[in-house]
Amino acid sequence: MAVNLFSFVSLLLFSALLLPSSTHCKKIEYCDVKGDYDVKVKGVDISPNPVVRGKPATFSISAFTEKAISGGQLVIDVYYYGAHIHSETHDFCEETSCPVSSGDFILSHSQSLPGFTPPGPYTLKMNLLSGDGVQLTCIRFGFNIKTHSSAADS
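Note that the structure is a prediction, hence the values are computed from the model and not measured.

**Some thoughts on the side chain of H90**
Part 1 of the argument: If you trace the backbone, H90 turns up in strand β7 (residues 83–91).
Part 2 of the argument: Accessibility expressed as a relative area gives 17% for H90, which makes it buried.
Part 3 of the argument: A polar contact of 2.6 Å, which involves the side chain of H90, links it to the side chain of E88.

**Thoughts on the pattern of salt bridges**
Part 1 of the argument: Following the criterion strictly, the structure yields four salt bridges and no others.
Part 2 of the argument: A salt bridge links K27 to E29; the nearest nitrogen and oxygen atoms lie 3.2 Å apart.
Part 3 of the argument: Overall, the relative accessible area of 55% leaves K27 in the exposed class.
Part 4 of the argument: Among the salt bridges present, the one from K40 reaches D36, with a minimum N-O distance of 3.2 Å.
Part 5 of the argument: On the basis of relative accessibility, which here comes to 32%, the residue K40 falls in the partly exposed class.
Part 6 of the argument: Relative accessible area serves as the criterion here: at 69%, D36 is assigned to the exposed category.

**Quick notes on the nonpolar core**
Part 1 of the argument: By size, the foremost hydrophobic cluster in this structure holds 27 residues, and its most contacted members are V51, F92, F105, M126, F141 and F143.
Part 2 of the argument: Where this core is concerned, the elements lending two or more residues are β3 (39–47), β5 (56–65), β6 (72–80), β8 (103–112), β9 (120–130) and β10 (135–146).
Part 3 of the argument: Here this core takes five residues from β10, the largest share from any one element.

**Brief notes about the side chain of E88**
Part 1 of the argument: Within the secondary structure layout, E88 lies in strand β7.
Part 2 of the argument: Although E88 lies buried, it forms no salt bridge, and the closest oppositely charged side chain, K125, sits 15 Å away as judged by the N-O distance.
Part 3 of the argument: Here H86 takes part through its side chain, which lies 2.6 Å from a polar atom of the side chain of E88.

**Focus on the pairing of β6**
Part 1 of the argument: As judged from the nine bridges shared by β6 and β9, these two strands associate in the antiparallel manner. Note that in β9 the partner of L74 across the bridge is L128.
Part 2 of the argument: Where β6 and β7 come together, eight bridges link them in antiparallel fashion. Of the residues in β7, the one forming a bridge with V78 is H86.
Part 3 of the argument: If you look at the hairpin formed by β6 and β7, you'll find two residues sitting between the two strands, and Y81 has a positive phi there, around 50 degrees.

**Quick notes on the packing of aromatic side chains**
Part 1 of the argument: Within this structure, the stated rule accounts for seven aromatic pairs.
Part 2 of the argument: Between Y30 and Y37, the ring centres sit 5.4 Å apart and the planes meet at 25 degrees, which makes this aromatic pair stacked.
Part 3 of the argument: For Y30, a relative accessible area of 27% puts it in the partly exposed group.
Part 4 of the argument: Where Y80 meets Y122, the ring centres are 4.7 Å apart and the plane angle is 35 degrees; that geometry is what we call tilted. Of the two residues, Y80 is situated in strand β6 and Y122 in strand β9; the sequence distance between them amounts to 42 residues.
Part 5 of the argument: Owing to a relative accessible area of 21%, Y80 belongs among the partly exposed residues under this scheme.

**Let's talk about the state of the cysteines**
Part 1 of the argument: In the structure shown here, the tally under the stated rule is two disulfides.
Part 2 of the argument: With its sulfur 2.0 Å from that of its partner, C31 forms a disulfide with C138. Here the S-S torsion is close to -65 degrees, and the disulfide linking C31 with C138 is therefore left-handed. Linking C31 in the loop between β2 (28–30) and β3 with C138 in strand β10, this pair joins segments that are 107 residues apart in sequence.
Part 3 of the argument: Classification of C138 as buried rests on a relative accessible area of 1%.
Part 4 of the argument: Cysteine pairing for the chain (bonded cysteines numbered in sequence order): 1-4, 2-3.

What counts, and where the lines are drawn
Residues numbered from 1 in each chain as written. Predicted model: local features only at pLDDT ≥ 70, side-chain atom pairs only at ≥ 80, totals over all residues. Heavy atoms only, no water. Helix = DSSP H or I, 4+ residues; strand = E, 2+ residues; numbered from the N terminus. Buried < 20%, exposed > 50% of the residue type's maximum accessible area, 1.4 Å probe, protein only. Polar contact = N/O pair within 3.5 Å; in protein donor to acceptor, adjacent residues only side chain to side chain. Salt bridge = Lys/Arg side-chain N within 4 Å of Asp/Glu carboxyl O. Core = buried A, V, L, I, M, F, W, Y, C linked by side-chain atoms within 4.5 Å. Lys, Arg positive; Asp, Glu negative; His and termini not counted. Pairing = 2+ DSSP bridges. Phe/Tyr/Trp six-rings, centres within 6.5 Å; stacked < 30°, edge-to-face > 60°. Disulfide = S-S within 2.5 Å.

As structure tokens, then:
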């Protein structure tokens, strides 16, 4: 149903950083402000921003790790006006090439939302877990979905 629309938000593979229409997410928060995560998130790019229902959208996360990552899970929670509406879990290695070496890497994923997706403010929470369940990072960021693109976007 409508909540399954959010696998597009599961985030994550190289193309969005190359798109000129992407917009850098202004406010990214770590789930635990005092947490010392192994994976540091440098930015989130959303293309287009705001997301347009019925059109392809790409979410890309640029990150840095000092330790190689050979596997794990991405746990995604989506909130609409603050209410939890959807959860999904993805194999990390299906979202990017594994193993990820130490250094910079990017996760991204694209998908179109059906036309009946409600417009408004959404929050995405992404928790990255290692293969043995250790939390590598956890972030939250907001994005908006609008009903249609402008005539200039057609």
